[in-house]
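The primary structure of each chain is shown beneath.
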Amino acid sequence: MTQKTPGANQPVNKRRGARKDATSSKSPDFNAKGNHRQHKQGSAAPSAKGVKTKGHYKPRPKGKPGTKPKPRPQNPVIVLFNKPFDVLCQFTDEQGRQTLKDFIPIQDVYAAGRLDRDSEGLLLLTNDGQLQSRITEPKKKTDKIYWVQVEGIPSDEALKALREGVSLKDGPTLPAKVERIDEPNIWPRNPPVRERKQIPTSWLAITICEGRNRQIRRMTAHVGYPTLRLIRYKIGQWSLDEIANGDYKVLPQS
């Protein structure tokens, strides 16, 4: 279907002529309404770099200058916390659920990264903002090791897919390190994991350097083996070794 152009029935020369009138004089001293433009002495014409809104030009807003990093505290520390199941990674909750405040009485420390409420294991907290940024910076690609109980016995093809990277809704994952492991010697979960008697379970050690939302659970579900229990064992150089579930360890930093 041919698109109808406004004024297509008029000759080109008439259409062009209709746009010319006394008020659209070539002189810069008249505006579109025929009124004489008032120029302040010494004022310049609007810059081409400005933003035009409703016939007026406004200068583009300049970017906010970078803020200086906060100074390090006098006594920087890292807190290694073995988070139990069903505990929120925050210090307050309006619904009365368990939070970090129920376990960690240390003031002015904040989580470096997060751990889902239904996941367990290592959570790092610190009072040093610069250190917190370094730990959570995606470009650093800090390795995180998880112990993962899955439903079923993963096939070699499934493990290969995890090692090469799988495509999730938010894009493909980076290659992961995946190994079969024996059930680790760990604390019992409260409440216990719901297992189906007719379906066996198995354990994997999965190492990733990303931090997407519920990434491990989505990865194992993608290859057909849902995660039943998820424990973060290690972040970079820090691990759960010698820290009981619900306990924490304070490491002074220089």
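Reading the values: rules and limits
- Residues numbered from 1 in each chain as written.
- Predicted model: local features only at pLDDT ≥ 70, side-chain atom pairs only at ≥ 80, totals over all residues.
- Heavy atoms only, no water.
- 1 Å grid on protein atoms, 1.4 Å probe; cavity = no way out; pocket = protein on both sides within 12 Å on 5 of 7 lines; lining within 4 Å.
- Points joined across faces, edges and corners; volume = space filled by probe spheres on them.
- Helix = DSSP H or I, 4+ residues; strand = E, 2+ residues; numbered from the N terminus.
- Nonpolar A, V, L, I, M, F, W, Y, C, P; charged D, E, K, R; others polar.
- Buried < 20%, exposed > 50% of the residue type's maximum accessible area, 1.4 Å probe, protein only.
- Phe/Tyr/Trp six-rings, centres within 6.5 Å; stacked < 30°, edge-to-face > 60°.
- Lys NZ or Arg CZ within 6 Å of the ring centre and 35° of its normal.
- Lys, Arg positive; Asp, Glu negative; His and termini not counted.
- Salt bridge = Lys/Arg side-chain N within 4 Å of Asp/Glu carboxyl O.
- Polar contact = N/O pair within 3.5 Å; in protein donor to acceptor, adjacent residues only side chain to side chain.
- Pairing = 2+ DSSP bridges.
- Contact = heavy atoms within 4.5 Å.

Novice: Would you explain the layout of surface pockets in this entry?
Specialist: Here the largest pocket defines a volume of roughly 510 Å³. As for the largest pocket, its lining consists of 27 residues, and the residues nearest its centre are Arg114, Lys144, Glu210, Gly211 and Arg232. Contributing elements (two or more residues each) for the lining of the largest pocket: helix 2 (129–136), strand 6 (144–151), helix 4 (215–222) and strand 11 (227–235). At three residues, strand 11 tops the list of elements feeding residues into the lining of the largest pocket. Class assignment of the residues belonging to the lining of the largest pocket gives a composition of 11 nonpolar, seven polar and nine charged.

Novice: What is the right way to look at unusual backbone geometry in this model?
Specialist: In most cases, non-glycine residues show a negative phi, while peptide bonds are predominantly trans. A cis amide bond links Asn190 with the next residue in sequence, Pro191, at an omega value of 5°. Tracing the chain through its elements places Pro191 in the loop between strand 9 (177–181) and strand 10 (201–208). At Asp86, a residue that is not glycine, the phi angle is positive and equals roughly 70°. Position of Asp86 among the secondary structure elements: in the loop between strand 3 (77–83) and strand 4 (110–111). What makes Asp86 partly exposed here is its relative accessible area of 33%.

Novice: Explain the packing of aromatic side chains here, please?
Specialist: Remark: the centre distance and the inter-plane angle together describe each pair of aromatic rings, the angle taken between the planes. According to the stated counting rule, one finds two aromatic pairs in the structure shown. Between Phe81 and Phe103 the ring centres are 5.6 Å apart and the planes differ by 45°, which places this aromatic pair in the tilted class. Taken together, the residues span a long stretch of sequence, with Phe81 in strand 3 and Phe103 in the loop between strand 3 and strand 4 at a distance of 22 residues. A relative accessible area of 0% places Phe81 in the buried class. Ring centres of Trp147 and Tyr233 lie 4.5 Å apart, and the angle between their planes is 15°; on these two criteria the pair is classed as stacked. Of this pair, Trp147 sits in strand 6 while Tyr233 sits in strand 11, and the two are 86 residues apart along the sequence. Each member of the pair, Trp147 as well as Tyr233, carries the same accessibility label: buried. Of note, Arg189 hangs over the ring of Phe85, and the distance from its end group to the ring centre comes to 3.9 Å.

Novice: Could you clarify how one ought to interpret the side chain of Arg189 in this entry?
Specialist: Assignment of secondary structure puts Arg189 in the loop between strand 9 and strand 10. Look at Arg189: it is buried, it has no salt bridge, and the nearest opposite charge is Glu120 at 4.7 Å. A polar contact of 2.8 Å, which involves the side chain of Arg189, links it to the backbone oxygen of Pro191.

Novice: What am I meant to see in the environment of Pro188 here?
Specialist: On the secondary structure map, Pro188 appears in the loop between strand 9 and strand 10. Expressed as a C-alpha distance, the spacing of Pro188 and Asn245, which sit 57 residues apart in the sequence, is 9.4 Å.

Novice: Help me out: how do you make sense of the pairing of strand 6 in this one?
Specialist: Across a regular strand the side chains alternate sides, sitting on one face of the sheet and then on the other. Across the eight residues that make up strand 6, a large majority, seven, are buried. Note: strand 6 against strand 11, seven bridges, orientation antiparallel. Each residue of the ladder has a partner; that of Tyr146, found in strand 11, is Arg232.

Novice: Please clarify how helix 4 should be interpreted in this entry.
Specialist: Along an α-helix, residues three or four apart share an orientation, since each turn contains 3.6 residues. The set of residues buried in helix 4 consists of Gln215, Ile216, Arg217, Met219 and Thr220. For helix 4, the elements touching its buried residues are strand 6, helix 3 (156–164), strand 7 (167–168), strand 10 and strand 11. Downstream of helix 4 by one or two residues, Gly224 has phi in the positive range, about 95°.

Novice: What is the right way to look at the pattern of salt bridges in this model?
Specialist: Think of it this way: side chains of opposite charge can pair up when their charged atoms draw near. Under the defined criterion, the tally for this structure stands at 11 salt bridges. Taking the shortest distance from any N to any O, the salt bridge between Glu120 and Arg229 comes out at 2.8 Å. Taken together, the residues span a long stretch of sequence, with Glu120 in strand 5 (residues 120–126) and Arg229 in strand 11 at a distance of 109 residues. In this structure, Glu120 and Arg229 share a single accessibility class: buried.

Read these as spatial facts, not as claims about activity.
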